[in-house]
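Results of the structural survey
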Amino acid sequence: MADCGEPDGPGNKDDITRSKNEGKELTKEEKQRLRKQKKHQKKQKERKNEKGPSETEKDKTPVSLLPPPQPVATQKAPSALPAPASAPIPVPASAPFHSSPAPSPADKPAKSKAELKAERRARQETDRAAKQPGSSSSGIKTKVPLSELNPVVKRLPEHVQVDDPAVVKRLAKKLERQQIPLRSDYGYKVSLFSHLHQYSRKAPLTQLLSIPSTVIHPSIVRLGLQYSQGIVAGSNARSVALLHAFKQVIRDYTTPPNEELSRDLVNKLKPYISFLNQCRPLSASMGNAIKYIKKEISNIPSQCKEEEAKTKLLTCIDRYIEEKIVLAAKAISKYAIEKISDGDVILVYGYSSLVNNILCEAFEKSRKFRVIVVDSRPRLEGREALRRLVQRGISCTYVLISALSYILPEVSKVFLGAHALLANGYVMSRVGTSQIALVARTYNVPVLVCCETYKFCERVQTDSFVSNELDDPDDLMVTRKGKTQLENWQDVSSLGLLNLVYDVTPPDFVDLVITDLGMIPCTSVPVVLRVKNLDQ
Amino acid sequence: MELQAVLMAAGGGSRMMDLTYNTPKPLLPVGNKPLIWYPLNLLERVGFEEVIVITTKEVQKMISTDPKVKLDVKMKLDLVCIQEDADMGTADALRHIQQKVKTDVLVVSCDLITDAALHEVVDLFRAHNATLSMLMSKAHEFTETVPGQKGKKKTGEQRDFVGVDGTGKRLLFMANEADLDEGVVIRKSIMRKHPRMHIKTGLVDAHLYCLKKSVVDFLADNKSISSIRGELVPYLVRKQFSKSTNSPKVIDETHQNLKKNDKIQISSRDEELLHLTQERSCWNDHRGDMSDAYHGGRLRCYVHIMDEGICYRVNTLAAYIEANRLAPKLFDEPAVHPSAVVSERCLIGADSIIGASCQISDKTSIKRSTIGVSTTVREKVKVTNSIIMHGVTIEEGCNIQGSVICSNAVIGRGADIKYCLVGSHSTAREHNSKIAPEKRLTECHRAEVNITYHYKSITYNNCHKVSK
């Protein structure tokens, strides 16, 4: 039986199904990979056949999701498989298979071969054990443990593989298909970060677009410009602006004939998202908002009329903003105010809209405290934070981050904002936050991170190198008394300017995370993520 | 649709009447292309697909009938005619087409020749949600001698004072010297909000404006404003800082009154979101005081000032000549048109343009000049630094220097024309005659002028001037 089970198990099959499920045409590399996998599986099968043919037959049960050219397994087609005779295997077929560990495909790193083999062997053990009681229920029983043990091999996202020419070519082709210009990188990149994009603010993407933009909706062009020029900055502001622009897109949208709104609108949004990504890499909160919208759009029943569907989507967006941003901010303030006592000296870093909100509300509830604002170049966002706090009447001190250890003995608490909370408990925030947390830990000052739950991200990262954002290196140039020292930095061959935007703080330095669900320790973030996924 | 382009081509060219009494200004040839081709080409390059062209009936007739006037643009031109004698200003023209305007407009003047990057102007308009965004350029001195003008050009009158903030993008102050009595008056409210202001005087206004739709609607209600450049722009710039801008102001009110009920609800909810975005964003356009971004003002005017690049408004004779010099740099066509018959023993300089169907005979020398379409140049002619328009015949032995010869003129044998302007359809003939410098010959249809030796006099239509 040529189709007799892929003894490698769901591991490689997942590659195939995943690539099929992603729906697009298989690129050359993917086709090559498929061919290699099939050859590999055939070899493995022959090897396994020497060991024990019976086991392989039993293994076939749950792995009967085969690629279309091979004939389908005859045995125990479990309920998950509706005779996939046609070439594109329907997505729902694999959905029950991949239900729980079905996170965003783009973000998990690939596992090594040794780990794959170990998992395969573990799966075979469980299969053998499960087969013993009875074969009738085996299909269903084996399905569950298998799906839990599914190692989902994920691809690295494109924006962290800029030094790989194949990936760059793929990205260029995708953008060309969507009729979006490709933004070219600028300047010399420091070698440790050469896998990330680095754009110049003086070369906006709009110079490659036609002026009355027809391909991209005007509000999205405006949004992209505002992102790349820094007019809309900060995780919350960017998400709200994104949702506002999407509302306008939805309002101006008309379903073309013979198309369904639920599918066509999602396809319309894809080039816009690529465009925004080119202007400035998407933040984790924006990614979650986009996922939510896409889900809402695809859940629209097909018999719904266009006007109804549009109003429904608009109210969904309004509700999302209201719940996840505005009300969450209120809830977080309520919890955080409990932690602020009279006579406190609170240290904040940079500008976080949430932390500012908390401090303003605490001040209105007549808590007596003073604030130390720590700021850093080149963004100098602390100035804006300082202005808003002083405008309310809060007494503030302003230092640069180089004076941190000088000022820390006075501090009683540190409040930090977050750009995203990662699945292993690490906090991703503005560059410099991990320094603040480190020094605060040394002085035994409690560090409290405030973050809404919609910023929780399923990525796992332990260092700031793998995935980060490189800002315009020319921002580091400063003109004092008419002289700009770094004016010709490009001519000096051994000089590279690095303008990092984010860094990652380990959970040992964070004492408490205040979210709208309550006050949780940093290590409970994966629990919240799991609860959120079950809800959805 | 994001932006609609409107091209204003109804102007009379009042500052170069010698050239425009016969040919309307939009169709004056610059580098052998009609003047209106340049802004149309700019719009087409940038990606516009439709343009509303406001022009006179005469121009519309000439565009559709005259074979010499070829506008090879692929865009759809929506020609709107207005009466010539109605004396409409540019704002009046905008009011006239208010029904056609559905979104924000980009107003361009027909006499603008530039290679500016338009996206800079439009990006300011988009990113800051501005009400007005315009283009200006550093003025260049005109170095060529202008025929028919005595003495130096009078500078110092009609200067424009433009005040910008520290970034050089936000427009804070704009006034023309003619409107000021004694000195420049700047309000304290502006100084309080923008303590550092740079005031520039040597700028050329390119007359390219991005205006919000609400401004066009506002114009429809305020019929007293008739010129964009003279009245509307200074009004908007002043309105940025007026006290009432902190509450819903005049322009927004008229806009909202035109909307229906549900649209007002939509716009208010969107306003809330925009307000929320601005509240949460950590950006500010200025620092040093306690106000929010843009000082809470809702009306904003921006300007993009070009440092380098070509930007000319062809509304005076000097500008026309300068534009003819530089226009060939803007397009890649070959200097000598392939259909021109150029004999081999003539000397054509590298920066000269020869139009289509020309006939250049032997032993001629053409330097730094533009020769129009269907011109005939006979032997032994020297043309330097001149502009020869269409259909001109230049007989043998002429020597033309620094002059402008308008269309269908005939220059007789042996004429020596220096720094003169010869009107269309006129004939300058005389054996060995000299038309001395700073002379203007204007002539109407087929009258003849006998020119003998004149010194510093101007010849008018239909007359014979007898020499002294």
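Residues numbered from 1 in each chain as written. Chains lettered and ligands numbered in written order. Predicted model: local features only at pLDDT ≥ 70, side-chain atom pairs only at ≥ 80, totals over all residues. Heavy atoms only, no water.

**Notes on the overall build of chain B**
Stated formally: Helix and strand definitions follow DSSP, with helices as H or I runs of at least four residues and strands as E runs of at least two, each counted in order from the N terminus. Buried means the residue's accessible area, taken with a 1.4 Å probe over protein chains only, is under 20% of the maximum for its type, while exposed means over 50%, and partly exposed covers the values in between. By the convention used here, residues are in contact when the closest approach between their heavy atoms is within 4.5 Å. For accessible areas, the Shrake-Rupley method is used with a probe of radius 1.4 Å. Any residue's cover is judged against the shown protein chains and nothing else.
When helices and strands are counted, chain B shows 11 helices and 33 strands. Out of the 468 residues belonging to chain B, those deemed buried represent 54%. Put simply, 54% of the contacts in chain B that link residues at least 6 apart link residues at least 24 apart. Accessible surface, chain B as shown: approximately 21700 Å² in total, 48% of it carbon and sulfur.

**Describing the side chain of T375 of chain B**
Stated precisely, the cut-off is as follows: Any pair of N or O atoms that falls within 3.5 Å is considered a polar contact. Within protein, one atom must be able to donate a hydrogen and the other to accept it, and sequence-neighbouring residues count only if both atoms are side-chain atoms.
Note on placement: T375 of chain B falls in the loop between strand 20 (370–371) and strand 21 (376–377). Within the structure, the side chain of T375 of chain B is placed 2.7 Å from the backbone oxygen of G372 of chain B, a separation counted as a polar contact.

**Quick look at the nonpolar core**
Applicable threshold: Put simply, buried Ala, Val, Leu, Ile, Met, Phe, Trp, Tyr and Cys residues joined by side-chain atoms within 4.5 Å make one nonpolar core.
Of all hydrophobic cores here, the largest spans 63 residues; its most connected members are L19, L43, F48, L208 and Y320 of chain B. Discounting residues that sit within four places of it in the chain, F48 of chain B has contacts with I211 and P212 of chain A together with L3, Q4, A5, L43, M75 and L106 of chain B. In this structure, L209, A237, L265 and I297 of chain A belong to the second largest nonpolar core, which totals 49 residues.

**Overview of the pattern of salt bridges**
Residue and element names in this part refer to chain A. Rules: Each salt bridge in this description consists of a side-chain nitrogen of Lys or Arg and a carboxyl oxygen of Asp or Glu lying within 4 Å of one another.
Using the criterion set out here, one finds 41 salt bridges over all chains in the structure. The salt bridge involving R263 is made with E260; its shortest N-O contact spans 3.7 Å. Classification of R263 as exposed rests on a relative accessible area of 57%. Judged by relative accessible area, which is 31%, E260 ranks as partly exposed. Measuring nitrogen to oxygen at the nearest pair gives 2.8 Å for the salt bridge that ties R392 to E364. Taken together, the positions of R392 in helix 14 (residues 382–392) and E364 in helix 13 (residues 353–364) put the pair 28 residues apart, joining distant regions of the chain. On the basis of relative accessible area, R392 is assigned to the partly exposed category, the value being 44%. For E364, a relative accessible area of 59% translates into the label exposed. Beyond isolated ion pairs, a larger network of salt bridges with shared partners links R201, R379, E381, R430, D471 and D475.

**Notes on the sheet that holds strand 10 (residues 502–505) of chain A**
One key point about sheets: their strands pair by backbone hydrogen bonds, in either a parallel or an antiparallel sense. Residues and elements named next belong to chain A. Cut-off, in case you're wondering: Think of it this way: DSSP has to see at least two bridges between two strands before they count as a pair.
Strand order in the open sheet made by the 3 strands is 5-6-10, with antiparallel pairing throughout. Here the strands that pair on one side only, and so sit at the sheet edges, are strand 5 (420–421) and strand 10. Pairing of strand 6 (residues 427–430) with strand 10 involves 4 bridges; the strand directions are antiparallel. The residue of strand 10 that forms the bridge with V427 is T505.

**Let's talk about the interface of chain A and chain B**
To be explicit about the condition: Simply put, the buried area is the total loss of 1.4 Å probe accessible area from both parts when two parts are fitted together. Just so you know the grouping, Ala, Val, Leu, Ile, Met, Phe, Trp, Tyr, Cys and Pro go in nonpolar, Asp, Glu, Lys and Arg go in charged, and all remaining residues, Gly too, go in polar.
The interface is formed by 41 residues belonging to chain A together with 34 residues belonging to chain B. Summing both sides of the interface, chain A and chain B together bury roughly 3400 Å²; the carbon and sulfur share of this comes to 58%. Of all residues in chain A, the largest losses of buried area upon contact with chain B belong to I211, I231 and R387 of chain A, amounting jointly to 20% of the total for that side. Summed over the shared surface of chain A and chain B, the number is 4 salt bridges. The shortest N-O distance in the salt bridge between R387 of chain A and D292 of chain B comes to 3.0 Å. Where chain A touches chain B, the interface holds 19 residue pairs in polar contact (both at pLDDT 80 or more). Elements with a contribution of two residues or more to the side of chain A that touches chain B: helix 8 (218–229), helix 9 (235–251), helix 12 (306–339), helix 13 and helix 14 of chain A. For the side of chain A that touches chain B, the element with the most residues is helix 9 of chain A, which contributes 8 residues. Looking at the side of chain A that touches chain B residue by residue, the classes come out as 19 nonpolar, 13 polar and 9 charged.

**A few points about empty space enclosed by the protein**
Residues and elements named next belong to chain A. Quick reminder of the rule: Using a 1 Å grid laid over the protein atoms alone, points where a 1.4 Å probe fits but cannot get out form a cavity; open sets with protein on both sides within 12 Å along at least 5 of 7 lines form a pocket; any residue with an atom within 4 Å of a point counts as lining. Grid points are joined across faces, edges and corners, and a volume is the space filled by probe spheres set on the points.
Counted by the stated rule, this structure contains 13 cavities of 30 Å³ or more. In terms of lining residues, the largest cavity is bounded by 24 residues, among which S235, Y351, S352, A418 and R430 are the most central. For the lining of the largest cavity, the elements supplying multiple residues, two or more each, are helix 9, helix 13, strand 4 (413–417) and strand 6. Take the lining of the largest cavity: its biggest share by element is 3 residues, from helix 9. In the lining of the largest cavity, the residues fall into 8 nonpolar, 10 polar and 6 charged. If you add up the space inside the second largest cavity, you get close to 120 Å³. Taken together, 16 residues form the lining of the second largest cavity, with S376, R377, R379, R430 and V431 sitting closest to its centre.

**Focus: the packing of helix 8 of chain A against helix 5 (residues 118–127) of chain B**
Condition: Only the stretch in contact is used when a helix axis is fitted, and all axes are lines through C-alpha atoms; the angle between N-to-C directions ranges over 0 to 180 degrees. By the definition adopted for this analysis, an angle is roughly parallel if under 35 degrees, roughly antiparallel if over 145, roughly perpendicular if from 65 to 115, and oblique otherwise.
Orientation of helix 8 of chain A relative to helix 5 of chain B, taken along the N-to-C sense of each, is 90°, at an axis distance of 9 Å. By the angle class used here, helix 8 of chain A and helix 5 of chain B are roughly perpendicular. Of helix 5 of chain B, the residues touching helix 8 of chain A (which contributes V221, R222, L225, Q226 and Q229 of chain A) are D123, R126 and A127 of chain B. Its residues assigned to classes, the contact of helix 8 of chain A with helix 5 of chain B comprises 3 nonpolar, 2 polar and 3 charged.

**Some details on the pairing of strand 8 (residues 132–138) of chain B**
Residues and elements named next belong to chain B. Counted residue by residue, strand 8 has 6 buried out of 7 residues, so it is predominantly covered. Sheet analysis places strand 8 next to strand 12 (residues 203–211), joined by 6 bridges and oriented antiparallel. The residue of strand 12 that forms the bridge with K138 is L203. In terms of strand pairing, strand 8 meets strand 13 (residues 301–306) through 6 bridges, oriented parallel. Opposite L132, over in strand 13, you have C301 as the bridge partner.

**Some remarks on helix 11 (residues 317–326) of chain B**
The buried count for helix 11 of chain B comes to 10 of 10 residues, which makes it a mostly enclosed element. Of all the residues in helix 11 of chain B, the buried ones are L317, A318, A319, Y320, I321, E322, A323, N324, R325 and L326 of chain B.

**Quick word on helix 5 (residues 113–131) of chain A**
All names here are of chain A. Put simply, the rule is: Expected span, for any helix, means 1.5 Å times one less than how many residues it has. Note: the arc covers the axis-to-C-beta directions of the helix.
When the terminal C-alpha atoms of helix 5 are compared, their 27 Å separation across 19 residues agrees well with the 27 Å that a helix rising 1.5 Å per residue should span. Of all the positions in helix 5, only L116, R120, R123, Q124, D127, A130 and K131 are classed as buried. Seen end-on, helix 5 carries its buried residues on one side only, within an arc spanning 130°. In helix 5, the exposed positions that point more than 90 degrees away from the buried face belong to A114 and R121.

**Here we look at the packing of aromatic side chains**
Centre-to-centre distance and the angle between the planes together describe a pair of aromatic rings. Note the threshold: Note on aromatic contacts: the rings of Phe and Tyr and the six-membered ring of Trp form a pair at centre separations within 6.5 Å, being stacked when their planes are under 30 degrees apart, edge-to-face when over 60 apart, and tilted otherwise. We call a charge positioned above a ring when the Lys NZ or Arg CZ atom is no farther than 6 Å from the ring centre and deviates by at most 35 degrees from the ring normal.
Under the counting rule described, the total for this entry stands at 7 aromatic pairs over all chains. Taking the centre distance of 6.3 Å and the plane angle of 85° together, the rings of Y320 of chain A and Y454 of chain A count as edge-to-face. Note that Y320 of chain A is positioned in helix 12 and Y454 of chain A in the loop between strand 7 (447–450) and strand 8 (479–480), a separation of 134 residues in sequence. Overall, the relative accessible area of 5% leaves Y320 of chain A in the buried class. Between W37 of chain B and Y38 of chain B the ring centres are 5.2 Å apart and the planes differ by 90°, which places this aromatic pair in the edge-to-face class. Residue classification places W37 of chain B among the buried positions, given a relative accessible area of 7%. In textbook terms, an aromatic cluster arises when at least three aromatic residues are bridged by ring pairs, as seen for Y292, Y320 and Y454 of chain A. The ring of Y335 of chain A has K334 of chain A sitting right over it, with the charged end atom 5.3 Å from the ring centre. A cation sits over an aromatic face here: K33 of chain B above W37 of chain B, 4.7 Å from the ring centre.

**Here's the deal with the confidence of the model for chain B**
If pLDDT is low for a region, its predicted coordinates should not be looked at in detail. Residue and element names in this part refer to chain B. We count it as follows: Per residue, pLDDT captures the predictor's confidence, and it can take any value from 0 to 100.
Here chain B averages 78 in pLDDT, and 81% of its residues register 70 or above. For chain B, per-element mean pLDDT is lowest for strand 33 (residues 448–450), which scores 38, and highest for strand 13, which scores 93. In the predicted structure, residues 245–250 sits below a pLDDT of 50 and forms 12 contacts with residues beyond four places in sequence or in another chain. Contacts from residues 253–260, a stretch scored under 50 in pLDDT, to residues over four places away or in other chains number 9 contacts.

**Observations regarding the sheet that holds strand 10 (residues 171–176) of chain B**
Residue and element names in this part refer to chain B. One open sheet holds the 3 strands; their spatial order is 10-9-11, and the pairing between them is antiparallel. Every interior strand has two partners, whereas the edge strands, strand 10 and strand 11 (198–200), have only one. Across this sheet, the average inter-strand angle for adjacent strands is 15°, counted without regard to direction. The pairing of strand 9 (residues 160–164) with strand 11 spans 3 bridges and is antiparallel. Pairing of G163 across the sheet is with I199, part of strand 11.

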